[in-house]
Amino acid sequence: MSAWQNARLAGGAAVMRAMGLPRIARRRYDWYPLVVTYHGVHDGSLADDHARFSTKHVGVDEFRRQLEWLRRHYEIVPLSEIESILREGRWRRGVAAITFDDGYENNLTVAWPVLKALGLPATLFVTVEVVDRRRPYDHDRIELSLRYASARRIDLEAGGARRTFELCDDATRAAAVYAAKAWYASLPADKAARWLDQLMAQCWQDDFVDRCPVAYRPLTWPQVRRLSDEGFEIGSHTLSHPHLARVDDARLRRELTESRAVLEAKLGRPVLRVSYPYGSVDARTPRAAAEAGYASGYTTRTWWTTDPRDAYRVARISVGAGQPFGLFVVAMTRALQLVGLGGRSASSSS
Ligand SMILES: [Zn+2]
């Protein structure tokens, strides 16, 4: 995010606060639980301008300030409590929960100590194959490749389309990251895999994980177990992180059922909640999640786009790095809805 965009967002948030919109929004929408989603929290190991390339990892000071604000304004509860509220229709005001998607190592090393110190419960949704293979997510590999490769240009081809990405400076590299991620997301699985191979071949060798900045490293199984033992609830973020709305019925079942089975076997305790990668759901997803044994499922969609009582399509709001604090407050109170914004969370990769 550029300094100009940041200033504009901060200005917009300040105007909304001056108009009292957060207060009005809380009066109007506070009956619906607020579920917040983070991805990573970094300890300063990422450069100050990293939000230019990705908004997934929030700085630890920013994270602590946001949690302290949430704790002052909401009763922070575990997801089991959110589930009961939705199922039983016992609506009550000012309830919130904190979740994490994907399973970065920094959830243990940076985020968990802050949550513990503040006494806040949280749920971490883990992608099984990312931990198994100890390999960064594809969207992180795209970002890291284009951001750090010594190559000055990359040529990629898929489905007859060919494109050259110039990597001259931070601005062109950041533009390339966004364009390449969008292209990758639009490709069917087989073409996407070949496309990524081309990119990796031009940028990185086998030591990719070792050269991977610490913020992007996935958790290991002993680390996931430790978090679970210490009270961080672990949920499933599927086996391989697909768009569930784009996979066939058999794969949908497998992603939900096997990921739960693996996590339960690894952790020795029930795994009852799932978050859908990219918030991707269709009409089949809630039933498939229920049949796989989950008690609730989480999207990154906002609640006014779905049935708010549906425990298998629980809405969440994503928090991205580089967001001015005023905008965080506006988003959490759901004041963006009052002005017709915020229909889908701003963070694109989840
Ligand atoms: Zn995800």
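This structure is a prediction, so every number in the text was calculated from the model and none was measured.

Another aspect to go through is the overall build of the chain. For the chain, the count of helices and strands is 15 helices and twelve strands. Relative to the compact-globule value of 20 Å for 350 residues, the chain shows a C-alpha radius of gyration of 20 Å, a close match. Based on the C-alpha atoms only, the size of the chain along its principal axes is roughly 55 × 50 × 40 Å. By residue count, 56% of the 350 residues in the chain fall in the buried class. Across the chain, contacts joining residues at least 24 apart in sequence account for 73% of those joining residues at least 6 apart. Counting every atom, the chain has about 14,700 Å² of accessible surface; 50% of that belongs to carbon and sulfur.

Right, let's talk about the pattern of salt bridges for a bit. Opposite charge on two side chains lets them pair, provided their charged atoms get close. Evaluated as defined, the whole model comprises 26 salt bridges. Asp30 serves as the salt-bridge partner of Arg334, at 3.9 Å between the closest nitrogen and oxygen. Taken as a pair, Arg334 in the loop between helix H14 (325–332) and helix H15 (335–338) and Asp30 in the loop between helix H2 (21–29) and strand S1 (34–38) lie far apart in primary sequence, 304 residues in all. With a relative accessible area of 6%, Asp30 lands in the buried category. Here the salt bridges share partners, and the residues they tie into one network are Arg26, Asp30 and Arg334.

Moving on: the packing of helix H7 (residues 138–148) against helix H8 (residues 170–186). One way to put it is that H7 packs onto H8 with a least axis distance of 9 Å and a crossing angle of 150 degrees. In terms of orientation, H7 and H8 fall into the roughly antiparallel class. Once H7 is placed against H8, the crossing between them reads as right-handed. Between H7 and H8, the residues in contact are Asp138, His139, Ile142, Glu143, Leu146, Arg147 and Tyr148 and Arg173, Ala176, Val177, Ala180, Lys181 and Tyr184, respectively.

A cluster of basic side chains, namely Arg17, Arg65, Arg71 and Arg72, defines a positive patch on the protein surface. Per element, the largest residue contribution to the positive patch is three residues, and it comes from helix H3 (residues 60–73). The residue Arg17 is located in helix H1 (residues 3–18) in this model. The class for Arg17 is partly exposed, based on a relative accessible area of 42%.

Entries for the chain in the domain assignment read domain 1 (3–134 + 218–338) and domain 2 (138–211). Contacts between the two partners involve 14 residues from domain 1 and, on the opposite side, 13 residues from domain 2. Between domain 1 and domain 2, a total of about 1,100 Å² is buried, with carbon and sulfur atoms accounting for 47% of that surface. For the domain 1 face of the interface with domain 2, the top three residues by lost area are Arg52, Phe53 and Arg134, together amounting to 51%. Between domain 1 and domain 2 we count zero salt bridges in total.

Let us now look at the packing of aromatic side chains. Under the criterion given, the structure shown has 16 aromatic pairs. Note on Tyr104 and Tyr137: the rings are 6.1 Å apart at their centroids and 50 degrees apart in plane angle, and the pair reads as tilted. With a gap of 33 residues between them, Tyr104 in the loop between strand S5 (95–102) and helix H5 (106–118) and Tyr137 in the loop between helix H6 (128–133) and H7 connect regions that are remote in the sequence. Residue classification places Tyr104 among the buried positions, given a relative accessible area of 1%. In this structure Tyr137 comes out as buried when scored by relative accessible area, which is 4%. Aromatic side chains Phe125 and Tyr298 sit 5.7 Å apart centroid to centroid with 35 degrees between the ring planes, which places their arrangement in the tilted category. Of this pair, Phe125 sits in strand S6 (residues 123–126) while Tyr298 is found in strand S11 (residues 296–298), placing the two residues 173 residues apart along the sequence. For the pair shown, Phe125 and Tyr298 are each scored as buried.

Negative phi characterises most residues that are not glycine, and trans characterises most peptide bonds. Phi is positive for Asp102, which is not a glycine, with a value near 95 degrees. Checked against the element boundaries, Asp102 lands in strand S5. Notably, Thr238 is not glycine yet its phi reads approximately 75 degrees, a positive angle. By the element assignment, Thr238 lies in the loop between strand S9 (233–236) and helix H12 (249–267).

Calculation notes
- Residues numbered from 1 in each chain as written.
- Predicted model: local features only at pLDDT ≥ 70, side-chain atom pairs only at ≥ 80, totals over all residues.
- Heavy atoms only, no water.
- Helix = DSSP H or I, 4+ residues; strand = E, 2+ residues; numbered from the N terminus.
- Rg over C-alpha atoms; globule rule 2.2 N^0.38 Å.
- Buried < 20%, exposed > 50% of the residue type's maximum accessible area, 1.4 Å probe, protein only.
- Contact = heavy atoms within 4.5 Å.
- Areas by Shrake-Rupley, 256 points an atom, 1.4 Å probe, with all protein chains shown as cover.
- Salt bridge = Lys/Arg side-chain N within 4 Å of Asp/Glu carboxyl O.
- Axes fitted to C-alpha atoms, helices over the stretch in contact; angles between N-to-C directions.
- Parallel < 35°, antiparallel > 145°, perpendicular 65-115°, else oblique.
- Left-handed = near helix turned anticlockwise from the far one by under 90°.
- Patch = residues over 30% accessible without salt bridge, like charges linked within 9 Å, V, L, I, M, F, W, Y side chains within 5 Å.
- Lys, Arg positive; Asp, Glu negative; His and termini not counted.
- Charge placed at Lys NZ, Arg CZ, Asp CG, Glu CD.
- Domains from an automatic or database assignment.
- Buried area = accessible area lost by both parts, 1.4 Å probe.
- Phe/Tyr/Trp six-rings, centres within 6.5 Å; stacked < 30°, edge-to-face > 60°.

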